[in-house]
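# Survey of secondary and tertiary structure
Each chain is listed here by its residues.
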Amino acid sequence: MSKNSSYWQMDEIRIVAGAMVILGFATGLLVLAPYLLLKDVEPPKGLKPYTAEQLLGRGQYIANGCIYCHSQQPRDASLAPDAKRGWGRAPVAGDYVYDSPHLMGTMRTGPDLFNIGARQPSKDWQLGHLYQPRAYTPGSIMPSYPYLFEVKKASEVKEGDEVINLPPAFAKKDEVVVAKPEALQLVNYLLSLDHTYPVKTLE
Ligand code: HEC
């Protein structure tokens, strides 16, 4: 009996020790190694930190699930023709220093947005497209975000209201569409997505 119980104890020690080794290995590989590799990454010279308004817009991007259809990580030319699509160069770690959490995304139902601020810098276009994507891209499957806007009678427009210019076919008679602060913040964030500055790569 006593022989048997010490035998089991030995087995338990082995299981616990084995688990520790595996956990230690995984922590080293997934936590420690990336930390050592990335702890000294500097922001590239051309990259500006987000403003308070842009950070609020980033929150809107997260809250509205834009990441489910849009990535922010163009692939290298050797892997895919993303640069030819106008999405920009492949990113380096420094491009993401101000991003927490990062919004690289994995799905590409829509185009990559890493450089949307450079590719489509028109605030009017961005606001109108969020209100009604099909007014700008016929047949677009992107959802519209009408709750980021307010439809008002033309006579109710106040000073400071950001009235959006919809293409004539989508403009409403006697009514105007005014962007809410959430829409303005989101577009401010989209326009800040410009990583076209040069970076050092390993090549
Ligand atoms: C269901 C998938 C889906 C979701 C969710 C989605 N989009 Fe899109 N988006 C698309 C598709 C598809 C296109 C391409 C057609 C078009 O221009 O409308 C697109 C196009 C765009 C473009 C223009 C890109 C270019 O290169 O011209 C921008 C900007 C954009 N989306 C921003 C957003 C933002 C911001 C959100 C969240 C509020 C969002 N999208 C949510 C699918 C989506």
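Analysis parameters
Every chain's residues receive numbers from 1 upward, in the order its sequence appears when written. Totals for whole chains, interfaces and linings use every residue, but because this is a predicted model, local features are given only for residues with pLDDT of at least 70 and side-chain atom pairs only at 80 or more, for both listing and counting. UniProt positions are given in the numbering used here, feature names are shortened, and annotations may be inferred rather than shown by experiment. Helix and strand assignments follow DSSP, with helices taken as H or I runs no shorter than four residues and strands as E runs no shorter than two, numbered in order from the N terminus. For each residue, a C-beta atom is placed from the backbone, and the residue is labelled near a molecule or strand when this atom is within 6 Å of it. For this classification, Asp, Glu, Lys and Arg are treated as charged, while Ala, Val, Leu, Ile, Met, Phe, Trp, Tyr, Cys and Pro are nonpolar and the rest, including Gly, are polar. A set of buried Ala, Val, Leu, Ile, Met, Phe, Trp, Tyr and Cys residues, joined to one another through C-beta atoms within 7 Å, is what we call a nonpolar core. Working definition of burial: number of other C-beta atoms within 10 Å of the residue's own, with buried at 20 or more, exposed at 12 or fewer, and partly exposed in between, all C-beta atoms being placed from the backbone.

## Some thoughts on the UniProt feature "transmembrane region" (unreviewed entry) in the protein chain
The residues that UniProt annotates with the feature "transmembrane region" (unreviewed entry) are residues 15–38. Helix makes up 100% of residues 15–38 and strand 0%, with an end-to-end C-alpha separation of 34 Å.

## Some thoughts on the site of the ligand
Near the ligand, the surroundings consist of 23 residues, among which C66, C69, G110, S140 and M142 are the closest. Partitioning the shell around the ligand into residue classes produces 14 nonpolar, 8 polar and 1 charged.

## Section: the nonpolar core
If you look at soluble globular proteins, the nonpolar side chains tend to sit buried side by side. In terms of nonpolar packing, the biggest core is built from 19 residues, with L127, L130, Y131, F149, A183, L186 and L190 touching the most fellow members. Those elements that place two or more of their residues in this core are α4 (123–131), β2 (175–179) and α5 (181–192). Of all the elements, α5 adds the most residues to this core, at 5 residues.

## Considerations on unusual backbone geometry
Residue P101 follows S100 across a cis peptide bond; omega there is -5 degrees. Take P101: it is sitting in the loop between α2 (52–63) and α3 (116–119). Despite not being glycine, D174 has its phi angle at roughly 65 degrees, a positive value. Here D174 is to be found in the loop between β1 (149–153) and β2. Overall, the presence of 7 C-beta atoms within 10 Å leaves D174 in the exposed class.

## Concerning the UniProt feature "domain: Cytochrome c" (unreviewed entry) in the protein chain
The residues that UniProt annotates with the feature "domain: Cytochrome c" (unreviewed entry) are residues 52–194. This span, residues 52–194, is 26% helix and 7% strand, and a straight line between its end C-alpha atoms measures 17 Å.

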